[in-house]
Amino acid sequence: MNLLNISGSPHVHSDESTKKIMWRVNMALIPALLVAIAYFGISALLISVISVLSCMLFQWLIEKYILKVPSTVCDGSAIVTGLLLAFNVPATASMMWIVVIGALVAIGVGKMAFGGLGKNPFNPALVGRVFLLISFPVQMTTWPDISKVQFFGLDTVTGPTPLGMLKERGAEALDNLPEVWDMFLGGIGGSFGEVSALAILLGTAFLLWKKVISWHIPVAFIGTAAIFSCILWLVNPIHVEAVDGVNQLVGYIDPLTTILTGGIMLGACFMATDMVTSPMAKSGQLIFGVGCGLLTVIIRTWGAYPEGVSFAILLMNSVTPLINRWCKPQRFAC
Amino acid sequence: MKTFKMGGVHPEENKISNDAAIEVMPVPAQMVVLMNQHLGAPATPIVQKGDKVKVGQLIGEAQAFMCANVHSPVSGTVLKVEPCKDAFGLAKPAVYINVEGDEWMETIDRTPDIKRECTLEPKQIVDKLKEMGIVGLGGATFPAHIKYNVPEGKKAEYLIINAAECEPYLTSDYRVMMEHAEEVCIGVSILRKALGVPNAYIGIESNKPQAIAKMQDMAKQFEGIVVEPLKVKYPQGAEKQLINAVTGRKVPSGKLPIDVGCVVSNLGTAFAVYEAIQKNKPLIENILTVTGKKLPSQHNCLVRIGTTYNDIIKHTIGVLPATTGKVISGGTMMGKAVVNLDAPTVKGNSSVLVMDENEARRNPETACIRCGKCMHACPMGLEPYMFSVLVKNNRIEEAKEHNILDCIECGCCFFSCPANKPLTDEIRLGKNKVRAMMAAKK
Amino acid sequence: MTQQILIAVIVLGAIGAFFAVVLYFVAQKFKVVEDPLIDEVAEVLPGANCGGCGKAGCRAFAEACVAQHSLEGLRCAPGGDAVAAKIAELLGCAVEQGEPQVAVVRCHPANCGENRRSNYDGLRSCAFAATVYTGENGCPFGCLGCGDCVAACQFDAIHMDAETGTPVVDEDKCTACGACAKACPRRVIELRNKGNKGRRVFVRCINKEKGAVAMKTCKNACIGCGKCAKVCPFEAITVTDNLAYIDFTKCKACRKCVTECPVHAITDVNFPAPAKKPEAPKPAEAPAPATEAPAAQSNS
């Protein structure tokens, strides 16, 4: 007979594991990837694969040769980081090498420098993305024109993103804005993983069903962004006005455009909900989501960048420990 | 449907021995009776080598305050009085008895008749509980006479009978309800009388609809017994959670149920109370579930307390399967892993649960990803992940400030942890350290 | 341009001067008067803050030395006689000579092989394991093998032997601070005199069960037969509760008991024995409940 195992209770486990959670997130990202391939062609797939492979490679190298710990590449967290990083860059040919640098920063600086999975204060994919945005501002804001993309073509004609056009304040921007339906399906310019709200919502529904995430952060994030921008829009809706004899856009963007363009959907559903860097208590998650929503709209409206989701999430990541300290679960026995 | 307010998990129920009727196990040839089968100090042996004892005769006397009498479960000759290793390998004072025949004390009523009337006064009932060595059979084995002796200045308003049986696998309470509903109700009435409370509530999880129907039927014949179906959620049967589910009250930190006017007893205890008060039978028998997914058969059996695990296994399933990985006394969530199968069973044991080697192994621990699942699962509203860090770094003072002592060790945190961290173990260690620190300060 | 530079220099200079004055007065106001001797004593201490002296750290030890102005009852085990001499010189008091000690693991490497009865699968902490069961070999006294002593050692002087599951002390690194002995919930580790050339004899077992029971648990368990006590010419061995104990202050390391012991529970180390491996004394592992073993109070 075997030796009897001895341990303290409990003797059963829910079978939940970090690996399962990470793979579920990966599965939830597949619809967005498929839509991106449909709209941006093979380059979207190539960038994703390059990004994922380099994230896994860097993690393996760092664990093996620097930290000298058993490798955790198989737990799928590096794949999540790789996919999210890829989703946050434009689908252009130059990204195929730039994203490797992003992967190194994301894994090396964003995650392993703090001790690996679970110890990083900031979302690694966003760390990589922001690093690229600051280091390669031109490449990172050169978007392929979605109407001219060829499936196998790597050299793309560049086009604008809706937020970029509005930021430029050109009078014609309003007329050139894509239809709401296109914004929902994904037929707009932008980083290739963030364009389709529908695909992201599909993935989110899967995560909610599997209880990987709870509704609190996405709802608070998107809801706050919508309400805040709605207030601004009601005060002064966006319109064309002659300033010093030149027709310019003035006023604030409407709430629907706000939440359907840029990275709000992807950010709120996949990056702000990263377990490691978001608060644990439900009340804390609501505060976190509201903070992200407010900061996003503030950065978009009054900041230099047309898009502010990455910065908003990173800023809120930095206050997560504080929120955790403040938002305790309610004790059963007081 | 009623339930407790926060946290909880739902492990696979695995009530596979539900339909196995209670069978009576034969008396083994030799019996070892441990002297501390209850919470508190061990009883003092009052027999010596060579003494003849009968079934139900007092052999260990409660001399300390927190203690309970121990009676001989068999008749025969005392072989020796010396320590015996218990199920966890730790030596405990014990009386060894060589079994000869099966001669019961004359005072014990062994007829199958059911006796409903109880003329004893509350004080007499409590005294008799003490005499008969009744302890709580829900697992903590708290001596019943202390629990039912409500201290001055406090008043019991609710009697709650825990028949939730929220632990996976266990079915002994279910079988008692199915086969001895009337006796249980009489026992509950007696306890109700001892406390002087208007109503007794029997909480049963809704995964036992037959038991609920049966008890509801029976309760109609008794005054002041209410059957309360409860949601299937672990730890529904934990004292504080059960009080919360049934009455909505919360037991404050560091207080006892009686401080909020509640007394909670297990269903098995109510049955034992019936036998003790109405039939003069001390607590000498246990109903154990012998179960396991890979076992050839499932059993619920009535055994004399002190029968060894090996004897029970031999008479029910023959031998342990070769792939056995773990033997647990109690349920999977709060039961204890047994090391020594030659050890005698004690009061409060509710099962012999045999786990397969694949089920028994814990998965390797990985890094905490701060998902907060432990926190959401905790029925006490604590933060297990934080205790893990604090205890590991020996920050005991802080662990105490975060109310580590509120923990009821239900195991929900470990159960739900995707990183497989032994959170419950760490918290137990932390609680021990906090207690040691507090004792050192005094 | 010159003017701008000038303004910058003046402004910064003024700010600097202002804060210098503030700092000066604050420093005066909150000055802590402290015997400079404390710093000097703290300087010669090893600075590991191991707590072996019973104080909160090296500085607390230095304060205690200076406060009582002698080394009576105070000894820094890691520093040994050299540090004691230096402190005595600083304080101008007499030195107490102490016998050098070392941590000794009093349990045979028994958590392995045929002795193993169960497989521990829970938290790797001896303090916790001790509350769950007796140990993988069934001995309620012996080493639990989870390494609380290893975690407690600040000098990297104790390691788990992967094969036997019991800890091994690195004699050269061990400073006899006693942290491992305190950490062991079973009190398996004892501080003993190192002995001449590191040669010493000790009973490597603390099982107090009756002989027959102990023997079933472990073939090297002391059965309390008392043969060693009879053979000892120096009356260094006592048998209480079925367990022999060698008083290291009386033992002359004649090794008569070693050959006499029927279960080989008595071990000699560092003797140039023929075909005998020199064994390092081993500290044990275990977490931190209680105080140290009786013999672990080692300063004298």
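This text gives an overview of the structure that appears in the document. The structure presented is a predicted model; accordingly, all values stated were derived computationally and were not measured.

Attention shifts here to the sheet that holds strand β11 (residues 158-162) of chain B. Residue and element names in this part refer to chain B. Ordered in space as β13-β12-β11-β14, the four strands form an open sheet in which the pairing is parallel. The strands lining the two open edges of the sheet, one partner per strand, are β13 (225-230) and β14 (262-266). Strand-to-strand twist across the sheet, computed as the mean angle between neighbouring axes with direction ignored, equals 25°. Here helix α6 (residues 239-247) sits on the sheet and contacts β11, β12 (199-205), β13 and β14; the angle it forms with β11, its principal contact strand, is near 120°.

Looking now at empty space enclosed by the protein. Residue and element names in this part refer to chain A. Taken as a whole, this structure holds 14 cavities of 30 Å³ or more when the rule is applied. Empty space within the largest cavity amounts to approximately 260 Å³. Met22, Val25, Val80, Asp274 and Met275 are the residues nearest the centre of the largest cavity, which is lined by 21 residues in total. Mapped onto the lining of the largest cavity, the elements with two or more residues apiece are α1 (18-40), α3 (77-87) and α13 (264-271). Tallying contributions element by element places α3 first for the lining of the largest cavity, with four residues. Looking at the lining of the largest cavity residue by residue, the classes come out as 14 nonpolar, five polar and two charged. Each pocket or cavity is described by its volume, and for the second largest cavity that value is around 160 Å³. Going through the elements one at a time, α7 (162-168), α11 (216-235) and α14 (282-302) are the ones with two or more residues in the lining of the second largest cavity. For the lining of the second largest cavity, a count of residues per class yields seven nonpolar, four polar and three charged.

Residues and elements named next belong to chain B. Position of tyrosine 158 among the secondary structure elements: in strand β11. Residues tyrosine 158 and proline 257, spaced 99 residues apart in sequence, show a C-alpha to C-alpha distance of 9.9 Å. In contact with tyrosine 158, other than residues within four places in its own chain, are Val197, Asn199, Tyr201, Thr247, Arg249, Gly261, Cys262 and Val263.

Turning next to the interface of chain C and chain B. Each side of the interface is counted separately: chain C has 18 residues, and chain B has 15 residues. Summing both sides of the interface, chain C and chain B together bury roughly 1300 Å²; the carbon and sulfur share of this comes to 58%. The largest contributions to the chain C side of the interface with chain B come from Asp121(C), Leu123(C) and Phe128(C), which together make up 42% of the buried area. Where chain C packs against chain B, one counts two salt bridges.

The rules we used
Chains are numbered independently. Their residues run from 1 in the order of the written sequence. Chains carry letters from A onward and ligands carry numbers from 1 onward, assigned in written order. It should be noted that, the model being predicted, local features are given only for residues of pLDDT at least 70 and side-chain atom pairs only at 80 or more, the latter also being counted only at that level, while totals for whole chains, interfaces and linings use all residues. Side-chain measures here rest on the full set of heavy atoms in the structure, leaving out hydrogens and waters. Two strands qualify as a pair provided that DSSP identifies no fewer than 2 bridges between them. Strands here mean DSSP runs of E at least two residues long; helices mean DSSP runs of H or I at least four residues long; both are numbered from the N terminus. Axis definition: a line fit to C-alpha positions, over the contact stretch in the case of helices; interaxial angles, taken between N-to-C directions, run 0 to 180 degrees. The contact definition used throughout considers only heavy atoms, calling two residues in contact when any of these lie within 4.5 Å. Here a cavity denotes grid points, spaced 1 Å and computed from the protein atoms alone, that fit a 1.4 Å probe unable to get out, and a pocket denotes an open set having protein on both sides within 12 Å along at least 5 of 7 lines; residues with an atom within 4 Å of a point are the lining. Grid points are joined across faces, edges and corners, and a volume is the space filled by probe spheres set on the points. Any residue outside Ala, Val, Leu, Ile, Met, Phe, Trp, Tyr, Cys, Pro, Asp, Glu, Lys and Arg is labelled polar, Gly included; the first ten of those are nonpolar and the last four are charged. Here the buried area means the combined drop in accessible surface, using a 1.4 Å probe, for two parts upon being joined, counting both sides. We count a salt bridge whenever a side-chain nitrogen from Lys or Arg sits within 4 Å of a carboxyl oxygen from Asp or Glu.

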